[in-house]
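Okay, here's what each chain looks like letter by letter:
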Amino acid sequence: MRTATRTSLRAARAARTPRRADGGAGARRGALALAVAGALALTAAGCGDGGGDKDKNGDKPAPGRSDLITHTVQLPKLNGQKLKVTAVWTGVEQKSFTKVLDEFAKRTGAEVAYVPSGDDMAAFIGSKVAGGDPPDVAMLQQPGALREFAGKGWLKPLSEEARAQLNKNFPQGWQDLGSADGKQYGVYFKASNKSLVWYNTKIFTAAGVKTPATWPEFLRTAQAVADFGVSPVSVGGADGWTLTDWFENVYLSQAGPENYDQLAQHKIKWTDPSVKDALTTLGQLFGKKELLAGGQEGALQAQFPTSVTQTFSGGEKAKAAMVFEGDFAAANITAAKAKIGTDAKVFPFPAVGGRAPVVTGGDVGVALKDGQAAQALLTFLASTDAAGIWAREGGFISANKNLDLASYPDDVQRSIAKALVSAGDSFRFDMSDQAPAAFGGKPGQGEWKDLQDFLRNPADVEGTQQRLESDAAKAFKN
């Protein structure tokens, strides 16, 4: 699981608490699926053809991308001050984030040290707080962790300058996700659309198949690719969080947003018929060995980065034709030496119910120490300047509504980002990221293990439901 990308390290889903019952950010989510489906339908049909998307001013971005780092935010001089920053990112993503930190250091004179937290961010932060030396800034993966840390008094509210940048650049829904008890603590620097299917264009062309829009079409496409002689779907089942994403997308589309919100808060049980329906639907894919790269056992042994790279390494000789996951898979696709928009394209997660689902995630920057340096970095992360640096590197999507779409390196990522920003406050956040860690965020236990067991034996729907409900009840304590 320790790999060179954040996506495998998203196993750090620890110390999460249930979402607020008052609706909070949850009341601001809902119609993103339509926006993304519309934008990505065009992408799937012809991304990389030079047409591009217009930017927020209605103008076409310049060919390629703009490498100019904008200066839209004033930062203080911090010469001699030291800043320690932690996140789960390693490898390619650490390299990209380091470029953001380097620019901050260049402008302020601060000395910035980056420390990877490892898989269990909550345990890492907890040990540092207990030792009296927490990092100045941490990038958390869940709104639940932010609220828990705030409740323990570990977090420092955003400064006036950081709030000004946040108000200027981010929709209210994303601001709400970074708040707790009426105070603003976090900046969602990196967002993700976790409802995408990436496909190998050479295999699709050779097999004579087209991108599907619905779940039945998806299964038919997968079967056609299997009949052609290539494993159609690559699943990174060794990382249990990928399986929660599979379930969440099927459930959101099939059961609808109201049931999604209730299940996320454990207001309905995992033994509910809606869960049975979703697992049964997912079993239509997981239950057919020939539709999975390596079959069920192969899927359970594949970590997320491998699930992506084996879909694109070798072109038409790759081991699989499709892989499901978020926009952040772009970094792994590039690592496989495949060109996004040419070798690799994307379509929205197929609609199981009336509309295609969209599940989002994100990384929120918070301050754990008082001081000008930590607040200055959060101010920078809330700006278009910082977002543009990583956007140009690829494998990054921002909810910053003022970021020029020309900052993204290709039409695929440009389309995904445009859809996310266009949705405003309407979205559904990752369900397992809203759950207590004991259920939704720990390797080898809770939802991760229960869904891995389901992947191993997809016929055991009722048993899976019982195990999920038992584990959820213990974690939610209700």
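Right, let's walk through the structure included here. This one's a predicted model, so the numbers in the text were calculated from it and none came from an experiment.

## Brief notes about the packing of aromatic side chains
Working step 1: Counting across every chain of the model gives 29 aromatic pairs.
Working step 2: For the pair Phe 324 and Phe 349, a centre-to-centre distance of 5.3 Å together with 75 degrees between the ring planes defines the contact as edge-to-face. A residue pair is termed long-range when its members are at least 10 positions apart, and Phe 324 in strand β9 (residues 320-324) and Phe 349 in the loop between β10 (344-348) and β11 (359-367) qualify at 25 residues.
Working step 3: By relative accessible area, which is 1% here, Phe 349 ends up buried.

## Examining the pairing of strand β6 (residues 187-193)
Working step 1: Most of β6 is tucked away, with 7 of its 7 residues classed as buried.
Working step 2: Taken together, the 6 bridges between β6 and β11 define a ladder with antiparallel strand orientation. Of the residues in β11, the one forming a bridge with Lys 190 is Asp 363.

## Concerning the packing of helix α12 (residues 273-286) against helix α20 (residues 446-456)
Helices that pack against each other are described as a pair by the angle of their axes relative to one another and the distance between those axes.
Working step 1: One way to put it is that α12 packs onto α20 with a least axis distance of 10 Å and a crossing angle of 50 degrees. Here α12 is positioned oblique relative to α20, judged by the angle of their axes. Of α20, the residues touching α12 (which contributes Leu 279, Leu 282, Gly 283 and Phe 286) are Leu 451, Phe 454 and Leu 455.
Working step 2: Broken down by class, the residue content of the contact of α12 with α20 amounts to 6 nonpolar, 1 polar and no charged.

## Here's the deal with unusual backbone geometry
In terms of backbone geometry, most residues other than glycine have negative phi values and most peptide bonds are trans.
Working step 1: Despite not being glycine, His 266 has its phi angle at roughly 60 degrees, a positive value.
Working step 2: Inspection of the secondary structure assignment puts His 266 in the loop between α11 (257-264) and α12.
Working step 3: Look at Lys 477: it is not a glycine, yet its phi comes out positive at around 60 degrees.
Working step 4: Within the element layout of this structure, Lys 477 appears in the segment after α21 (461-476).
Working step 5: Taking relative accessible area as the criterion, Lys 477 reaches 74% and is therefore assigned exposed.

## Things to note about the environment of Val 250
Working step 1: Within the secondary structure, Val 250 is located in helix α10 (residues 240-255).
Working step 2: Classification of Val 250 as buried rests on a relative accessible area of 0%.
Working step 3: It is 8.7 Å that separates the C-alpha atoms of Val 250 and Phe 349, two residues lying 99 residues apart in sequence.
Working step 4: If near-sequence neighbours (up to four positions away) are discounted, Val 250 is found in contact with Trp 215, Ala 278, Thr 281, Leu 282, Phe 349 and Val 352.

## Quick notes on the environment of Ser 274
Working step 1: In this structure, Ser 274 sits in helix α12.
Working step 2: Along the primary structure Ser 274 and Leu 263 are separated by 11 residues, whereas in three dimensions their C-alpha atoms are 9.7 Å apart.
Working step 3: Among residues more than four places away in sequence, those in contact with Ser 274 are Tyr 251, Ala 255 and Ile 268.
Working step 4: Engagement of the side chain of Ser 274 in a polar contact is seen with the side chain of Asp 272, the distance being 2.6 Å.

Criteria and thresholds
- Residues numbered from 1 in each chain as written.
- Predicted model: local features only at pLDDT ≥ 70, side-chain atom pairs only at ≥ 80, totals over all residues.
- Heavy atoms only, no water.
- Phe/Tyr/Trp six-rings, centres within 6.5 Å; stacked < 30°, edge-to-face > 60°.
- Helix = DSSP H or I, 4+ residues; strand = E, 2+ residues; numbered from the N terminus.
- Buried < 20%, exposed > 50% of the residue type's maximum accessible area, 1.4 Å probe, protein only.
- Pairing = 2+ DSSP bridges.
- Axes fitted to C-alpha atoms, helices over the stretch in contact; angles between N-to-C directions.
- Parallel < 35°, antiparallel > 145°, perpendicular 65-115°, else oblique.
- Contact = heavy atoms within 4.5 Å.
- Nonpolar A, V, L, I, M, F, W, Y, C, P; charged D, E, K, R; others polar.
- Polar contact = N/O pair within 3.5 Å; in protein donor to acceptor, adjacent residues only side chain to side chain.

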